[in-house]
Amino acid sequence: MAGSRYSRITVERLLSLVRSGLHGGAPDSSLFTEDTDWESLYKIAYEQTVVCISSEGINRLPPSSLPKDETRLDPFVGDTLMTASRNRRLNDFIPRLFHQIEGTGAVLVKGQSLATFYPSPLKRQSGDIDLLLMDEGYEEAKKRLIPKATKVEDEVEEILHQGLFYHSIEVELHGRISTGMSRKLDKKLFSIQKRMFSRPEKTCVEIGGVDIPVPDQNFNAIYIFVHFLQHYWSSGLGMRQIVDWAVFLRANIHLIDLPSLKADIEDLGLMRLWQSFGCFVVEYLGFSREDIPFYDGRYTARVDKILSYIISVGNFGKVQKRKDNSDMPVLLRKIDSFRRKVAGDRLRHIGTFPVESVHFFFGAFGYGIKRLIDSV
């Protein structure tokens, strides 16, 4: 695979294990021979945040396909046990968190709310807890939660973002969906956010034996998608984030208002991207065409480039090496960051998505100039 530190066979082994973990059935055992590099397989699964899903696939391999030295699988086993333990802690914490902010209108986004749609919810590798609120609810939630936090990060007032820690558990409050990709896109997303919060019907998932409020299915389909696009064009996108979107769609497609969703995606100007990543999850992750609304096979030609990129950077850019500019003067550091994030990140996919890359470049340019001026 061009530009990858892993052989094609290692990538094929990972994909086979992930498909097995997501859909059941045995992986392709012919891929797993005596010369299987289990260390590289664990490393790439770790970088893509799919170790536990891969472990499900490993459990379905015949004994002849497993290493003679079983300790080579210990990293998979250890991560799976630790992930399950952390997920239980989060599932216990979330109902108590929502009890503290009752009445603020907060909804749980991403993370544990999506784990409920996985075949084995405790094996989705977890991160922080993200809450989305409207303005008054955001301020009220801050007022209630900050005094009880063990660490409080600086608030990003421009986008209403507050990070909090409760020992090892991170909670993020979001009052806006901010992609940094385009002001026009963010403005339209905020309109969709306001529409979601204005609806009287409430959607919940059960976590820790308690019904926890989450966005409605239409909003969630867009939010999850836009979130991973943001990482695709900036810090780096991993397989787990795409899997989140696909498992959500598969579980909820019968509950989604498809004409309304189509109108929103088209209004956001994201339909080509939606259909391209739809082709990716069908071609490489084993989902059916029926799982993905508006699937269009014309975009299958782009999936190899998408795969090559996510393998090269890892989830949240785990593999990327950013230049250390901490010794630069503040203004030069800001300029260097502007150059990297606007020109480097936004144009890196111009060969795969030329129209969208140019659009996001100018969108990020506007954001970047404003922040650069504000920092002077």
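Per chain, residue numbering runs from 1 following the sequence as it is written. It should be noted that, the model being predicted, local features are given only for residues of pLDDT at least 70 and side-chain atom pairs only at 80 or more, the latter also being counted only at that level, while totals for whole chains, interfaces and linings use all residues. Values reported for side chains reflect all heavy atoms of the structure, with hydrogen atoms and water molecules removed beforehand.

A word on the nonpolar core. Here, nonpolar core means buried Ala, Val, Leu, Ile, Met, Phe, Trp, Tyr and Cys residues that are tied together by side-chain atoms lying within 4.5 Å of each other. Each residue is placed in one exposure class: buried if its accessible area under a 1.4 Å probe, protein chains only, is under 20% of its type's maximum, exposed if it is over 50%, and partly exposed if it falls in between. Judged by nonpolar contacts, the single largest core of 82 residues is most densely connected at Met239, Trp274 and Phe277. Core analysis: the next-biggest nonpolar cluster, separate from the first, contains 25 residues, Leu108, Leu164, Tyr166 and Leu173 among them.

Okay, helix H8 (residues 217-232) next. Every α-helix carries 3.6 residues per turn, so stepping three or four residues along brings you back to the same face. Along its 16 residues, H8 runs 23 Å from first to last C-alpha, staying within 8% of the 22 Å computed at 1.5 Å per residue. The helix and strand labels rest on DSSP assignments: H or I over at least four residues marks a helix, E over at least two residues marks a strand, and numbering proceeds from the N terminus. Of all 16 residues that make up H8, 15 are buried, and the element is covered over most of its length. One less than the residue count of a helix, multiplied by 1.5 Å, gives the span that helix is expected to have.

Further remarks concern the pattern of salt bridges. For salt bridges, the criterion is a side-chain nitrogen of Lys or Arg within 4 Å of an Asp or Glu carboxyl oxygen. All chains considered together, the criterion is met by 19 salt bridges. We note a salt bridge from Arg13 to Asp35, for which the minimum N-O separation is 3.7 Å. Of this pair, Arg13 sits in helix H1 (residues 8-23) while Asp35 sits in the loop between H1 and helix H2 (38-47); the two residues are 22 residues apart in sequence, bridging distant segments of the chain. Taking the relative accessible area as the measure of exposure, Asp35 reaches 60% and is therefore exposed. We note a salt bridge from Lys123 to Glu56, for which the minimum N-O separation is 2.4 Å. Pair noted here: Lys123 is in the loop between helix H5 (111-115) and strand S2 (129-132) and Glu56 is in helix H3 (residues 51-58), with a separation of 67 residues, a long-range link. Residue Glu56 is classed as buried on the basis of its relative accessible area, which comes to 12%.

What follows deals with the packing of helix H11 (residues 271-283) against helix H12 (residues 303-313). Fitted lines through C-alpha atoms give the axes, limited to the stretch in contact for helices. The angle between two N-to-C directions lies from 0 to 180 degrees. The interhelical angle for the contact between H11 and H12, taken along N-to-C directions, is 80°, at an axis separation of 9 Å. When the interaxial angle is binned, H11 and H12 end up roughly perpendicular. Counting all contacts with H11, which are made through Ser276, Phe277, Cys279, Phe280 and Glu283, the residues of H12 involved are Val303, Ile306, Leu307 and Ile310. Only Asp, Glu, Lys and Arg are considered charged, only Ala, Val, Leu, Ile, Met, Phe, Trp, Tyr, Cys and Pro nonpolar, and every remaining residue, Gly among them, polar. Residue classes in the contact of H11 with H12 are distributed as seven nonpolar, one polar and one charged. Angles below 35 degrees are treated as roughly parallel, those above 145 as roughly antiparallel, those between 65 and 115 as roughly perpendicular, and all remaining angles as oblique. Working rule for contacts: check all heavy atoms of both residues, and any pair within 4.5 Å makes them a contact.

Turning our attention to unusual backbone geometry. Although it is not a glycine, Lys110 sits at a positive phi angle of roughly 60°. The residue Lys110 is located in the loop between strand S1 (107-109) and H5 in this model. Of the residues examined, Lys110 reaches a relative accessible area of 13% and is grouped as buried. Here the phi dihedral of Phe294 falls at roughly 65°; this positive angle occurs in a residue that is not glycine.

This part is about the sheet that holds strand S3 (residues 151-152). Only strands joined by at least two bridges in the DSSP assignment are considered to pair. Read across the sheet, five strands follow the order S1-S2-S5-S4-S3 without closing on themselves; strand pairing throughout is mixed. One side of each edge strand has no neighbouring strand; the edge strands of this open sheet are S1 and S3. Pairing analysis gives six bridges linking strand S4 (residues 161-166) to strand S5 (residues 169-174), with the strands arranged antiparallel. In the strand pairing of S5, Phe165 is matched with Glu170.

Looking now at the pairing of S5. In terms of burial, S5 is largely enclosed, as six of its six residues are buried. Inspection of the sheet shows S2 paired to S5 by four bridges, in the parallel sense. Residue pairing across strands places Ile129 opposite Val171, the latter belonging to S5.

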